[in-house]
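# What the coordinates show
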Amino acid sequence: MAELVSKLAAGSVGTVETQYLDLPERLRLDCGTELYPIRVAYETYGALSPQRDNVILVCHALSGDAHAAGFAKAPPEESTRDGFGAEDRDGVTGKGLGWWDGMIGPGKAFDTDRFFVISTNLLGGCRGTTGPSSTDPATGRPYGADFPVITVADMVRTERAFLDALGIGRLAAVAGGSLGGMQAFEWAILFPDQVDAVVSIASTHALHPQGVAWNSIARDAIMRDPAWQGGHYYGTGTAPNAGMGVARMVGHVTYLSALALDDKFGRRLQFADDIRYTITEPEFEIESYLRHQADSFVKRFDANTYLYTSRALTYFDLGRQYGRGSLARALQGVSARTLLIAFSSDWLYPPSASGEIADALSAVGKPAEFHVIEAPYGHDCFLLEEARQTPIIRKFLSEHRRAEGGASR
């Protein structure tokens with residue numbers, strides 16, 4: 001029934017138009033340089049309370065954008081609705097739907113009858129927020145590879161400056177999956193007195209070495225494409241689409257599980273009853289599927305943004321950044337209540353990583369709630385298992401007073 005309700009309520013926040021805000025001041029980055037100007041693309045859902053105390057900031061993953069819910073006023077050519085089998089799930093309507101539409105809206109996990117939900121495109125993005133494809137005021141040309149290297153903390157400081165410009169000082173919650181969950185923890189550490197709750201889904205305190213390796217392969221695929229041109233391909237008539245496509249295929253496989261791939265594709269052939277003895281053409285359904293993913297992705301995403309965002313998430317390491325190697329020490333200043341949700345089949349951001357965060361919070365006497373959902377779709381579960389996440393998140397957000405004690409499982 002929950003899944004049926006979710007489908008019937010698709011686009012329930014209505015038609016939404018992305019807005020833009022230019023930050024008034026320069027931003028100091030972790031790499032030591034300053035960035036200005038900075039434009040932030042954002043959307044809002046629900047109504048801001050007179051006390052301005054009902055704000056939830058939703059942070060997106062690597063390939064997301066500001067359009068998190070509702071129907072886009074101007075539907076894109078290619079949807080940002082990621083997740084295994086998104087086209088099968090959404091059909092034609094999915095083209096204009098926000099990437100987390102099943103989670104944001106009246107009666108949903110992030111209930112817009114109660115909360116004012118804000119979603120921004122992160123710093124370094126290519127969907128309206130300043131990034132490598134934006135104009136460098138010093139040259140009048142796109143930054144390209146001259147854009148400064150950024151971190152997840154830089155993304156969060158940008159979000160803080162953006163909310164300051166809107167006159168919003170405190171957040172009822174910061175929520176996100178994957179890279180979005182990383183941003184949520186950066187918020188809790190950098191601005192501990194300004195965040196009431198953290199909802200971190202399918203995320204981690206530091207990407208495991210295997211995840212760092214896969215991201216490195218994806219970035220190399222882009223940079224070894226001759227069309228990358230050292231990052232300055234804008235205006236040349238060519239772009240590193242071949243390398244970007246390979247990066248997307250690599251990334252997409254890491255988001256899935258072996259079981260999910262076996263169930264959906266097996267070893268079924270794509271075009272014939274028997275093999276055709278070809279090197280260049282796809283023989284198996286899974287090969288054709290990955291090519292389709294690559295072709296769709298390069299139409300909506302900038303290769304340099306992929307490079308910068310991928311590098312930022314590999315740098316992310318709470319223990320190194322804030323605890324001199326100790327995760328518990330890094331989290332000891334957190335005052336927000338924490339909800340951690342992980343998925344049994346996610347090998348890229350495994351449940352053990354969320355468990356380590358819960359244990360570290362418990363060790364320093366901080367309240368945390370940790371759930372592992374049994375589901376077969378790998379990392380993509382945070383985009384697919386909306387109905388099973390919803391009651392957990394709704395219950396957590398309904399608890400207005402901060403819980404006492406350690407982590408519960």
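Right above here is the structure, for reference.
Note that this is a predicted model, so its numbers are computed, not measured.

Calculation rules
- Residues numbered from 1 in each chain as written.
- Predicted model: local features only at pLDDT ≥ 70, side-chain atom pairs only at ≥ 80, totals over all residues.
- Heavy atoms only, no water.
- Salt bridge = Lys/Arg side-chain N within 4 Å of Asp/Glu carboxyl O.
- Helix = DSSP H or I, 4+ residues; strand = E, 2+ residues; numbered from the N terminus.
- Buried < 20%, exposed > 50% of the residue type's maximum accessible area, 1.4 Å probe, protein only.
- Patch = residues over 30% accessible without salt bridge, like charges linked within 9 Å, V, L, I, M, F, W, Y side chains within 5 Å.
- Areas by Shrake-Rupley, 256 points an atom, 1.4 Å probe, with all protein chains shown as cover.
- Disulfide = S-S within 2.5 Å.
- Phe/Tyr/Trp six-rings, centres within 6.5 Å; stacked < 30°, edge-to-face > 60°.
- Lys NZ or Arg CZ within 6 Å of the ring centre and 35° of its normal.
- Core = buried A, V, L, I, M, F, W, Y, C linked by side-chain atoms within 4.5 Å.
- Contact = heavy atoms within 4.5 Å.
- 1 Å grid on protein atoms, 1.4 Å probe; cavity = no way out; pocket = protein on both sides within 12 Å on 5 of 7 lines; lining within 4 Å.
- Points joined across faces, edges and corners; volume = space filled by probe spheres on them.
- Nonpolar A, V, L, I, M, F, W, Y, C, P; charged D, E, K, R; others polar.
- Expected span 1.5 Å × (residues − 1).
- Pairing = 2+ DSSP bridges.
- Right-handed = clockwise from strand over helix to strand, strands pointing away.

### Remarks on the pattern of salt bridges
- Using the criterion set out here, one finds 16 salt bridges in the structure.
- As a salt-bridge pair, K73 and E17 come within 3.4 Å of each other at their nearest N and O atoms. With K73 in the loop between strand 7 (71-72) and helix 2 (86-90) and E17 in the loop between strand 1 (15-16) and strand 2 (19-22), the pair connects residues that are 56 residues apart, well separated along the chain.
- Taking the relative accessible area as the measure of exposure, K73 reaches 57% and is therefore exposed.
- Between D196 and R170 there is a salt bridge whose closest N-O contact spans 2.6 Å. Of this pair, D196 sits in the loop between helix 4 (179-190) and strand 12 (197-201) while R170 sits in the loop between helix 3 (152-166) and strand 11 (173-177), and the two are 26 residues apart along the sequence.
- The structure contains a network of salt bridges with shared partners spanning D30, D154 and R157.

### Considerations on a nonpolar patch on the surface
- A contiguous nonpolar surface patch, about 270 Å² in accessible area, is contributed by W214, I217 and W347.
- When you line up the elements, W347 lands in the loop between strand 13 (337-343) and helix 12 (351-363).
- Taking the relative accessible area as the measure of exposure, W347 reaches 32% and is therefore partly exposed.

### Re the state of the cysteines
- Summed over all chains, the structure comprises zero disulfides.
- For C31, which is in no disulfide, the shortest distance to another cysteine sulfur is to C126 and amounts to 20 Å.
- Here C59 is not disulfide-linked; the sulfur of C126 is the nearest cysteine sulfur, at 17 Å.
- Relative accessible area serves as the criterion here: at 1%, C59 is assigned to the buried category.

### Points about the packing of aromatic side chains
- Here the structure, examined in full by the defined rule, presents 10 aromatic pairs.
- Arranged with centres 5.2 Å apart and planes meeting at 50°, the rings of W187 and F191 form a pair that is tilted. In this structure, W187 and F191 share a single accessibility class: buried.
- Arranged with centres 4.9 Å apart and planes meeting at 45°, the rings of F265 and Y289 form a pair that is tilted. Of the two residues, F265 sits in the loop between helix 7 (258-264) and helix 8 (285-298) while Y289 sits in helix 8, which places them 24 residues apart along the sequence. The residues F265 and Y289 share a single accessibility class, namely buried.
- Taken together, the ring pairs connect W99, W100 and F110 into an aromatic cluster.
- Over the face of the ring belonging to F396 we find R337, whose NZ or CZ atom lies 4.1 Å from the ring centre.

### Side note on the nonpolar core
- In terms of nonpolar packing, the biggest core is built from 70 residues, with W187, Y306 and L331 touching the most fellow members.
- The dominant element in this core, judged by the number of residues it contributes, is helix 4, at seven residues.
- Those residues within four positions of L331 in sequence are excluded, and the remaining contacts are F185, I189, L318, I357, A360, L361, V364 and K366.
- With 34 residues, the next largest nonpolar core counts A61, A68, F110 and A375 among its residues.

### A closer look at empty space enclosed by the protein
- Using the criterion set out here, one finds two cavities of 30 Å³ or more in the structure.
- Here the largest cavity is characterised by a volume of approximately 330 Å³.
- Surrounding the largest cavity, 28 residues form its lining, A61, L62, S63, S178 and Y255 being those nearest its centre.
- Element by element, the count of residues in the lining of the largest cavity is highest for helix 6 (residues 241-254), at five residues.
- In terms of residue class, the lining of the largest cavity is made up of 14 nonpolar, 11 polar and three charged.
- Lining the second largest cavity, in full, are H60, L62, G64, N121, L122, G125, C126, R127, F301, T305 and T309.

### A word on helix 6
- Over its 14 residues, helix 6 extends 20 Å from the first C-alpha to the last, a length consistent with the 20 Å expected when each residue adds 1.5 Å.
- Those residues of helix 6 that fall on the buried side of the exposure criterion are G243, M244, G245, A247, R248, V250, G251, H252 and T254.
- Where the residues of helix 6 are buried, they touch helix 5 (209-223), helix 8 and helix 9 (303-315).

### A look at the pairing of strand 11
- Strand 11 sits mainly inside the fold: five of its five residues count as buried.
- Judged by which residues are buried, strand 11 turns out to be covered on both faces: A173, A175 and G177 on one side and V174 and G176 on the other are all buried.
- Inspection of the sheet shows strand 6 (residues 55-59) paired to strand 11 by four bridges, in the parallel sense. Opposite C59, over in strand 11, you have G176 as the bridge partner.
- As defined by bridge partners, strand 11 adjoins strand 12 across four bridges and the pair is classed as parallel. Across the sheet, residue G176 finds its bridge partner in strand 12, namely S200.
- With helix 4 bridging strand 11 and its parallel neighbour strand 12, the resulting β-α-β unit is right-handed.

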